[in-house]
Amino acid sequence: MTSPAAGQRASRGGWHRTAAWYRVPGVTALAVGLGVAFGRPDLVLLAAPLLLGWAAALLAGRHLVGRPAPRAVSVVDAESFGNNAADVVTTVIGGDGVEFASVAQPGEGRGPIGRMVTLAGGPATRTIRSRFRTTGWGTTTVARPDSLGAGPDGLYLAGPVRRAPTRTELILPAVVAIPPFTLPPIIGGWAGAHVSRRPGQGSDLIDLREYAPGDRLRSIHWRAYARHERLYTTRTLSDADAELMICLDQSAYFAPRRVEGVRGMWRRAARRVRAAIVAAVAAVDARRDPAGHAARVDAERRLRATSLDHAVAAAAAVAAAHLGQGDRVGVMTATVPRRLLRPGTGNRQLQRIRHQLALLDDRRTRMLQVAWWGLTPGQIVVWCSPLVTPAAVHAAIECAARGHRVIVIDTLPFAGMLARATAADTDHLRVLAVERQLELDRLRGRGIAVISWDVGDLPGQIAEATRVMRGRR
Amino acid sequence: MSGAVAAPGVSDMTTLGAERVPVVMAGSGWRTWHGWMLRVVLGLAVGGALAIALPGAAGVGVWSVAGVSMLAAGIGTVLAPGTVLPLLLLVGLVLYRFAAPGPVLGASLAVLMALIALIHQAAALAAVIPLRSECEWAALRPALVRYAVAVAVSGLVYLAAVAAA
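None of the values given here were measured: they were computed from a predicted structure. (Residues numbered from 1 in each chain as written. Chains lettered and ligands numbered in written order. Predicted model: local features only at pLDDT ≥ 70, side-chain atom pairs only at ≥ 80, totals over all residues.)

(A) Broad picture of the overall build of chain B. The helix and strand tally for chain B stands at five helices and four strands. Helices and strands in chain B line up, N terminus first, as β-β-β-α-α-α-α-β-α. Out of the 165 residues belonging to chain B, those deemed buried represent 40%. (Helix = DSSP H or I, 4+ residues; strand = E, 2+ residues; numbered from the N terminus. Buried ≥ 20, exposed ≤ 12 C-beta atoms within 10 Å, placed from the backbone.)

Structure, rendered in structure tokens:
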């Protein structure tokens, strides 16, 4: 996708002379004038290499005046796009006769203009391939090929183009590997990874009964035959799949406080210097302890996450875990307008879910009453919510009251909010935390499992959730 | 060192039309310059030229107003090579040479000739190559060739002048 408006802004004249073009005549005139006037041949000699180099550069670049400036166009190599990584192919057009051209390239983790590459001129078209990788999701600017063309010795310049046509792509959210929930016996379904309470073809043994004509030979219990010399067959519980509906709460949106932009030249300069020092220390740290550095970067990234980031990450992880074991998973926003992806199975369903998640935005909308959610009997509800409003807590309780198994994923980015909070906000947040803890305890008391995505240790929390669900009465 | 070089294993075909064009993979090699290296070269050239010119001038101390102005112009040339500061520095070097006593065609003149041309060319290139750019060697080759030819020809003229004197 290219922004036409950005493309119109991108144009900036053709070739023009730089300060270097005018520098040599000025210095040469001074040196030769003084040398001739005062009989100093050394001053004339001093200007000789300057003048020779300048003349040679002028001869090499005489054809540039009047020519169109080189420009750059980026496309995303669709075949290699996936799992948050993209190969961006940038073509520099109009490079014949140009001495060199610099073009902005995306960098891995460094944004759409993460690096500059300077290419030699010569061929009319040059192509650069760069790898773009981001930890973000949603509609993202992948490339913005700002460019600059230069003539011999930098005497002529075309550009710089600072707002080149951008290339945006829909980045699907990454999938965090988590174990699936161990669900209590399920009523429906005929095949899957969960046990049911209904006798049938499955793996969990109920008891033995006497053989009757028509029973399958493979279900005969041969050890019982050896002991009693009579044929017995095993009765098992039927296996079952589960149907999960991941419900997203978009009625509330929370994000860590953003650091205000610094005003004043000196303060901005000080911030840049500090950022450069931090980046240098981080680079040394990354070389010395790559694993520890990656963990610290991940922790810092989590501190910047919003409630929507947590909800999207949780939904993608739960969907992947359960689709991987054959369950049916759907996703819906429990707000107006309601967006629904019906339950399905397989990898294509996971791609559909990630695509739907990538389209979400941070607009807050009104929550729907549970009666209008369209839940079908037997569905397991995964409720992703920051749980800061009574309506959100009540929705979980009402789902449970309607007979659904409910797993609540708390998506409030509390650690990040606390880390960036002002002194006044800190007290307010601590009170909020106490109030929420009371609500969460109320949910757990009703047999509703609650997992905090912000806290981490997901396998441990999922094991605890299993214990809570089994204790439900 | 990372930069833009021909990518090993990458086809030189592109999806952009049927024309065969060379493909480079950014950040996958070592045969590159960085923009900041050009500033280092410029800084060394400026430092060398000032070291030759400043002490040699008659009656003008290094820590005089003129000397400090030259140092400031030199630092400014390295930090902002696209401004008027390189011009001021070169004019100052010519004036300092004008004020210098001693042999007119000495060895210092030959070194200063090469350094003044290097200051001009490195400043011109540093002004148009971004500081954090990864630069192909081939992009700088024509400039290096022009510099070498200009200095060589000027050196021959210098030798002829010395011989004639």
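Still to come is the rest of the account.
(B) Structural view of the overall build of chain A. From N to C terminus, chain A includes 12 helices and 18 strands. Of all 473 residues assigned to chain A, the portion counted as buried reaches 39%. Restricting to contacts in chain A with at least 6 residues of sequence separation, those with at least 24 account for 72%. (Contact = placed C-beta atoms within 7 Å.)

(C) Quick peek at helix α9 (residues 390-401) of chain A. Residues and elements named next belong to chain A. With 12 residues, α9 extends 16 Å between its outermost C-alpha atoms, agreeing within 8% with the 16 Å of an ideal straight helix rising 1.5 Å per residue. Three or more residues of α9 are buried, namely A392, V393, A395, A396 and C399. Projected down its long axis, α9 carries its buried residues within an arc of 155°, all on one side. Projecting away from the buried face of α9 at angles above 90 degrees are the exposed residues P390 and A401. (Expected span 1.5 Å × (residues − 1). Arc of directions from axis to C-beta.)

(D) Looking closely at the domain arrangement of chain A. All names here are of chain A. Partitioning chain A into domains gives domain 1 (4-14 + 65-171), domain 2 (18-61), domain 3 (194-240) and domain 4 (243-256 + 305-470). Across the contact, seven residues belong to domain 1 and eight residues belong to domain 2. Of the residues that constitute the side of domain 1 that touches domain 2, the class distribution is four nonpolar, two polar and one charged. (Domains from an automatic or database assignment. Nonpolar A, V, L, I, M, F, W, Y, C, P; charged D, E, K, R; others polar.)

(E) Region of interest: the interface of chain A and chain B. Each side of the interface is counted separately: chain A has 49 residues, and chain B has 60 residues. Contributing elements (two or more residues each) for the side of chain A that touches chain B: α2 (19-38), α3 (41-61), β3 (85-93), β4 (100-107), β5 (111-120), β6 (125-133) and β8 (147-150) of chain A. Tallied by class, the residues present in the side of chain A that touches chain B amount to 30 nonpolar, 11 polar and eight charged. Pairing analysis gives three bridges linking β5 of chain A to strand β4 (residues 133-136) of chain B, with the strands arranged parallel. Pairing of V117 of chain A across the sheet is with E134 of chain B, part of β4 of chain B. (Pairing = 2+ DSSP bridges.)

(F) Molecular detail of the sheet that holds β5 of chain A. Strands sit in the order β1(A)-β9(A)-β8(A)-β4(A)-β5(A)-β4(B)-β3(B) across an open sheet of seven strands; the sheet is mixed. Looking at the sheet topology across the chains shown, the edges are occupied by β1 (15-17) of chain A together with β3 (32-34) of chain B. The average angle at which neighbouring strand axes cross in this sheet is 30°, direction not considered. Sheet analysis places β3 of chain B next to β4 of chain B, joined by three bridges and oriented antiparallel. Counted as the bridge partner of W33 of chain B is C135 of chain B from β4 of chain B. Strand contacts of helix α1 (residues 35-56) of chain B: β3 and β4 of chain B, with the helix running at about 70° to β3 of chain B, the strand carrying the most contacts. (Axes fitted to C-alpha atoms, helices over the stretch in contact; angles between N-to-C directions.)

(G) Geometry of the confidence of the model for chain A. Residues and elements named next belong to chain A. For chain A, per-residue confidence averages 84 on the pLDDT scale, and residues scoring 70 or more make up 90% of the total. In the model of chain A, helix α1 (residues 4-10) stands out as the element of lowest mean pLDDT, 39, in contrast to α2, which has the highest, 94. Residue range residues 1-12 is modelled with pLDDT below 50. Its contacts to residues more than four positions away, or to other chains, number 18 contacts. (pLDDT = per-residue confidence, 0-100.)

(H) The nonpolar core, seen in detail. By size, the foremost hydrophobic cluster in this structure holds 82 residues, and its most contacted members are A49, M113, I116 and I119 of chain B. Counting residues per element, this core draws most heavily on helix α4 (residues 107-128) of chain B, at 16 residues. Once residues within four sequence positions are removed from consideration, M113 of chain B is found in contact with L45, L46, A48 and P49 of chain A together with S154 and Y158 of chain B. Judged by nonpolar contacts, the second largest core, of 62 residues, contains W383, A392, V408 and F414 of chain A. (Core = buried A, V, L, I, M, F, W, Y, C linked by C-beta atoms within 7 Å.)

(I) Summary view of helix α5 (residues 265-288) of chain A. If you check α5 of chain A, its first and last C-alpha atoms are 35 Å apart, about what 24 residues at 1.5 Å a residue would give, namely 34 Å. A small share of α5 of chain A lies buried, amounting to zero of its 24 residues.

(J) A look at the sheet that holds strand β16 (residues 380-385) of chain A. Residues and elements named next belong to chain A. Pairing is mixed in the open sheet, where six strands are placed in the order β15-β14-β13-β16-β17-β18. Whereas interior strands pair on both sides, the edge strands pair on one side only; in this sheet they are β15 (340-344) and β18 (449-452). Across this sheet, the average inter-strand angle for adjacent strands is 20°, counted without regard to direction. Direction of pairing for strand β13 (residues 243-248) relative to β16: parallel, over a ladder of five bridges. Bridge assignment links I246 to a residue of β16, and that residue is V382. Where helix α7 (residues 307-323) meets the sheet, it contacts β13, β14 (328-333), β16 and β17 (406-410), and its direction lies at approximately 175° from that of β13.

(K) Region of interest: the pairing of strand β10 (residues 167-171) of chain A. All names here are of chain A. Here β10 shows one buried face, formed by R167, E169 and I171, and one open face, formed by T168 and L170. With five bridges joining them, strand β7 (residues 138-143) and β10 adopt antiparallel strand pairing. Across the sheet, the residue bridging to T139 is L170, located in β10.

(L) How the structure looks around the confidence of the model for chain B. Residues and elements named next belong to chain B. Here chain B averages 81 in pLDDT, and 78% of its residues register 70 or above. Least confident of the elements in chain B is strand β1 (residues 4-6), whose mean pLDDT is 36; most confident is α4, at 94. The model gives residues 1-22 a pLDDT under 50, and that stretch makes 49 contacts with residues more than four places away or in other chains.

(M) Structural detail: unusual backbone geometry. All names here are of chain A. Across the junction of G159 and P160, the peptide omega takes the value 0°, indicating a cis bond. Within the element layout of this structure, P160 appears in strand β9 (residues 156-161). Each neighbour pair has its own omega, and for V336 with P337 the value is 0°, a cis peptide bond. By the element assignment, P337 lies in the loop between β14 and β15. Of note in this structure, D153 is not a glycine but carries a positive phi near 55°. On the secondary structure map, D153 appears in the loop between β8 and β9. You will see that L387, though not glycine, has its phi angle at about 55°, which is positive.

(N) Quick look at the packing of α2 of chain A against α3 of chain A. Residues and elements named next belong to chain A. With their axes 8 Å apart at the nearest point, α2 and α3 run at an angle of 155° to one another. As far as their axial angle goes, α3 and α2 are roughly antiparallel. The way α2 lies across α3 gives a crossing that is left-handed. On α3, the residues that touch V24, V27, T28, A31, V32, L34 and G35 of α2 are P41, L43, V44, L46, A47, L50, L51 and W54. In terms of residue class, the contact of α2 with α3 is made up of 13 nonpolar, two polar and no charged. (Parallel < 35°, antiparallel > 145°, perpendicular 65-115°, else oblique. Left-handed = near helix turned anticlockwise from the far one by under 90°.)

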